[in-house]
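Observations on the three-dimensional arrangement
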Protein chains: 2
Amino acid sequence: MKPDLSALDAYLDEAGVDGYLLDADSEASDQYYLSGFDAPDPFVTLYDGETHLLFPRSLEFGRAKRESRADTVERYVDFDHQSKIEEHGTEDAVSYVLADFLGSYDVDSVAVPPRFPLRTADGLRARGVEVTADTDGVVTEIRATKTDAEIEHVRAAQRANEAAMQAAEDLLASATVAADDTLEVDGETLTSERVKEEIEVTLLRHGCSLDETIVACGADAADPHDRGSGPLSAAEPIIVDIFPRDKATKYHADMTRTFSKGEPSETVREWYDLTERAMDAAFEALEAGATGEGVHDAVCDVYEEAGQPTLRDDERTETGFIHSTGHGVGLDVHELPRLSPTGGDLEPGHVVTVEPGLYDPAVGGVRIEDIVVVTEDGYENLTDYEMSLVV
Amino acid sequence: MKPDLSALDAYLDEAGVDGYLLDADSEASDQYYLSGFDAPDPFVTLYDGETHLLFPRSLEFGRAKRESRADTVERYVDFDHQSKIEEHGTEDAVSYVLADFLGSYDVDSVAVPPRFPLRTADGLRARGVEVTADTDGVVTEIRATKTDAEIEHVRAAQRANEAAMQAAEDLLASATVAADDTLEVDGETLTSERVKEEIEVTLLRHGCSLDETIVACGADAADPHDRGSGPLSAAEPIIVDIFPRDKATKYHADMTRTFSKGEPSETVREWYDLTERAMDAAFEALEAGATGEGVHDAVCDVYEEAGQPTLRDDERTETGFIHSTGHGVGLDVHELPRLSPTGGDLEPGHVVTVEPGLYDPAVGGVRIEDIVVVTEDGYENLTDYEMSLVV
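Calculation rules
- Residues numbered from 1 in each chain as written.
- Chains lettered and ligands numbered in written order.
- Predicted model: local features only at pLDDT ≥ 70, side-chain atom pairs only at ≥ 80, totals over all residues.
- Heavy atoms only, no water.
- Phe/Tyr/Trp six-rings, centres within 6.5 Å; stacked < 30°, edge-to-face > 60°.
- Buried < 20%, exposed > 50% of the residue type's maximum accessible area, 1.4 Å probe, protein only.
- Lys NZ or Arg CZ within 6 Å of the ring centre and 35° of its normal.
- Helix = DSSP H or I, 4+ residues; strand = E, 2+ residues; numbered from the N terminus.
- Expected span 1.5 Å × (residues − 1).
- Bend = angle between axes of the 7 residues up to and from the residue.
- Contact = heavy atoms within 4.5 Å.
- Buried area = accessible area lost by both parts, 1.4 Å probe.
- Salt bridge = Lys/Arg side-chain N within 4 Å of Asp/Glu carboxyl O.
- Nonpolar A, V, L, I, M, F, W, Y, C, P; charged D, E, K, R; others polar.
- Least-squares fit on C-alpha atoms with pLDDT ≥ 70 in both.
- Pairing = 2+ DSSP bridges.
- Axes fitted to C-alpha atoms, helices over the stretch in contact; angles between N-to-C directions.
- UniProt positions renumbered as here; feature names shortened; annotations may be inferred.
- Domains from an automatic or database assignment.
- Polar contact = N/O pair within 3.5 Å; in protein donor to acceptor, adjacent residues only side chain to side chain.

Some thoughts on the packing of aromatic side chains
Residue and element names in this part refer to chain A. Scanning the entire structure with this criterion turns up 16 aromatic pairs over all chains. A centroid spacing of 5.8 Å and a plane angle of 75° characterise the contact between Phe37 and Phe43, whose relative ring orientation is edge-to-face. Note on accessibility: Phe37 and Phe43 belong to one class, buried. Three or more aromatic residues joined by ring pairs form one cluster here, namely Phe37, Phe43 and Phe55. For Lys250, the ring lying beneath its charged end belongs to Tyr32, and the centroid distance is 5.3 Å.

In structure tokens form, the structure reads like this:
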């Protein structure tokens, strides 16, 4: 896949800098996107209209030449690393190598992402290179808009996600309820950990991976980032949030359902129905030209009108609707755009989650999440999974 | 687990700075180690003798108070974020919040790790805070020496690793050889992907995760970082390198074996025997007081005496022994100390891999790797898995 980097060219023009520089391993999605190369250790990518890679050692050299999208691939050794160590010491030698590397492309000034490593920046500045951290990361911004091929990658990951959700729901449905209200399968207590294992094995069998699945019941579910642990109980909301990465393409999907084994409390039922309405309101607002803030406001309106606390209404609340409405999904499971108070314009090709929810330790949590792609006049829902509370 | 941070206190004293600052999510192991908190989005940790956490939003606030090791937990909102946005704009408000947060602990100067985010550093500098990137990262250096509890975590992960390696070896052993020399199981071609799936499912069933297993055969195996793909063949070396993370403790293990279905070429057999001898030489050299460089040299000596190219002998070689001898293992799968040309003093409690290997696209690759803990007078091998080439 060759990304469209015309926005990066325009950015460099406008910022008046010679190039865009990355120093990261390919777990950093900007690096993977710009270099087209997958490596576990940090390397440098310079974009100046062409793409140039620089590796500390020879280890990745051959593979980078074969697999990456780069126009040139070089090593420290190609810039007299050893003699620079002798002259300047091990610590400073790297900045002299990097400065020579940039100099060989007539690059005197670079923009870098906000999380660019400080030591590299300070080293380059000491060698006279101008280094400026750009605001949100222009490559991160470019990645927000997906090509058709990228949307297909997300769709494929979402199919695996649905298989995993089905495996979790089937396991919950097959459970019996013990005298103390805990769930049992084959005579053993059913735990969050057991359901997560079922989910993750299913994902692996479908070419995806994830090791941080959320299966959170009762008080655990009242914290949106609690992954959940221990026995699951009947008549309580169980939040199942699965966000796998396709191992081949590296693109993610993301989906949440809330289940209850048997009818839950009236409050949970009300929350579930209200959250479905909040979701409908978000979908109603979602289209190219709307803002992420507008979609988030539509959700807050529904919750606030029903008397639920929101962060919009009270920035210190720890109950109610205490997160944003959604986020972009792609190489990162959390990326741009934001459906939040700071969410900007939505464009066709933005892939976002819509995931309203309500939380209170005294009740538990309810969250429902689909993944969709923004279109000119609305959205296409990439999710094919029923919303149904009671299993 | 409470880490021993006396070396960090000493470092701050010596460097003459008021505190150590991190800005990262908990995938950054220094952050997880210092904060004792697991969160998917970046947050700030200040260490000034006590540990102070700062979160952008309220989302993680309650859980951080419950789960982290920090002495204080605060949010942007506790430092008038909203009025700072109104006064200084969204972009600059964060640096004003951070400066106030540091100021509330009388911290005017901080050391930060080399990969600390540039924008945060530049923002703090603009507010008059002195920010210095330390050399290798003092917290990273502290993490190199493991407590007994940490060694037990690695040992537990290694037991899972051995179960996964056994599953892979059993699958290779059960294969039959087709007319074109490819391996088959149950009438289907046996691929790298199929063996990796078996490994990763076994790891999940043992509470560990990994999605980058290496199962590399033939030319793939000649590149130490190629993860391998496609059909596996008889009489060729198949490198199986597994480095799982225990999901509960977050500590890793690491082990490599090279297998051949049926007797491989004479060259591969020679390489295997030579690599076993290189490994013995490394073990002979390994003890507290030795250096990582010394252990690496012992391996290079064996290979060079046998006429094999090494990076020590030729920094541009792409065949022969083209990586370092080993690396530390803990919260990161690659961490300090280094068994390499830049490897410093080894200390009791260092957990390292020993993994010599030889590579050439015309032959394939051979690598053998154990994981061991350095002791006063030698090492304890944490690996319990036979070395045997032919399955």
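Brief notes about helix α4 (residues 81-103) of chain B
Residues and elements named next belong to chain B. Look at α4: only 15 Å from first C-alpha to last across 23 residues, short of the 33 Å you get at 1.5 Å a residue. Its axis deflected by about 120° at His88, α4 carries its strongest bend there. Along α4, the residues classified as buried are His81, Lys84, Ala93, Ser95, Val97, Leu98, Ala99, Phe101 and Leu102. The inward-facing, buried residues of α4 abut β1 (19-24), β2 (43-47), β3 (51-55), β4 (72-75), β5 (109-112) and α5 (118-126).

Structural notes on the interface of chain A and chain B
Residue-level contacts link 60 residues of chain A with 60 residues of chain B. Note on chain A versus chain B: buried area summed over both sides is about 4900 Å², and carbon and sulfur give 46% of it. Across the contact surface, chain A and chain B share 16 salt bridges. Among the salt bridges present, the one from B:Arg205 reaches A:Glu197, with a minimum N-O distance of 2.7 Å. Contributing elements (two or more residues each) for the side of chain A that touches chain B: β1 (19-24), α3 (61-67), α4 (81-103), α5 (118-126), β6 (130-133) and α8 (192-205) of chain A. Grouping the constituent residues of the side of chain A that touches chain B by class yields 19 nonpolar, nine polar and 32 charged.

Focus on the relation of the copies chain A and chain B
In the superposition of chain A on chain B (RMSD 0.0 Å, axial shift 0.0 Å), the rotation amounts to 180°. The operation mapping one copy onto its partner corresponds to a two-fold rotation axis. Taking C-alpha positions as the reference, the residue of chain A nearest the rotation axis is A:Leu118, at 2.4 Å.

Here's the deal with the side chain of B:His81
By the element assignment, B:His81 lies in helix α4. Overall, the relative accessible area of 18% leaves B:His81 in the buried class.

Details of the sheet that holds strand β14 (residues 255-259) of chain B
All names here are of chain B. Read across the open sheet, the three strands follow the order β11-β12-β14; overall the sheet is antiparallel. The sheet terminates laterally at β11 (214-217) and β14, the two strands that pair on one side only. For this sheet, the mean angle separating the axes of adjacent strands, direction not counted, is 15°. Here helix α7 (residues 148-174) sits on the sheet in contact with β12 (238-242) and β14, set at roughly 15° to β14.

Let's talk about the UniProt feature "domain: Creatinase N-terminal" (unreviewed entry) in chain A
Mapped onto the present numbering, the UniProt feature "domain: Creatinase N-terminal" (unreviewed entry) falls at residues 6-144 of chain A. The span residues 6-144 of chain A carries 45% helix and 20% strand; its end-to-end C-alpha distance comes to 14 Å.

Digging into unusual backbone geometry
Here the amide bond leading from A:Leu336 into A:Pro337 is cis, since omega sits at 0°, within 30 degrees of zero. Position of A:Pro337 among the secondary structure elements: in strand β16 (residues 335-339). One non-glycine residue, A:Ala235, lies in positive phi territory at about 60°. Tracing the sequence through the fold places A:Ala235 in the loop between β11 (214-217) and β12 (238-242). On the basis of relative accessibility, which here comes to 36%, the residue A:Ala235 falls in the partly exposed class. Phi angles above zero are rare outside glycine, and B:Asp80 is one such case at about 55°.

Overview of the domain arrangement of chain A
All names here are of chain A. Along its sequence, chain A is organised into domain 1 (6-143) and domain 2 (145-381). A separation of 37 Å is found between the C-alpha centroids of domain 1 and domain 2. Between domain 1 and domain 2, a total of about 920 Å² is buried, with carbon and sulfur atoms accounting for 40% of that surface. The largest share of the area that domain 1 buries against domain 2 comes from Ser29, Tyr32 and Arg143, three residues that together contribute 49% of it. Where domain 1 meets domain 2, there are four salt bridges. Here Glu27 makes a salt bridge to Arg245, at a shortest N to O gap of 3.6 Å. Between domain 1 and domain 2 we count seven residue pairs in polar contact (both at pLDDT 80 or more) in total. Those elements that place two or more of their residues in the side of domain 1 that touches domain 2 are α2 (29-35) and α6 (138-144). When residues of the side of domain 1 that touches domain 2 are assigned to their parent elements, the largest contribution, four residues, is made by α6. Per-class residue counts for the side of domain 1 that touches domain 2 are three nonpolar, two polar and five charged.

As for the sheet that holds strand β8 (residues 183-185) of chain B
Residue and element names in this part refer to chain B. On the basis of which strands lie adjacent, the open sheet formed by three strands has the order β7-β8-β9 and antiparallel pairing. A single partner strand is all that each edge strand has here, and the edge strands are β7 (176-177) and β9 (188-189). Across two bridges, the pairing between β7 and β8 is antiparallel. The residue bridging Val177 from the neighbouring strand is Leu183, located in β8.

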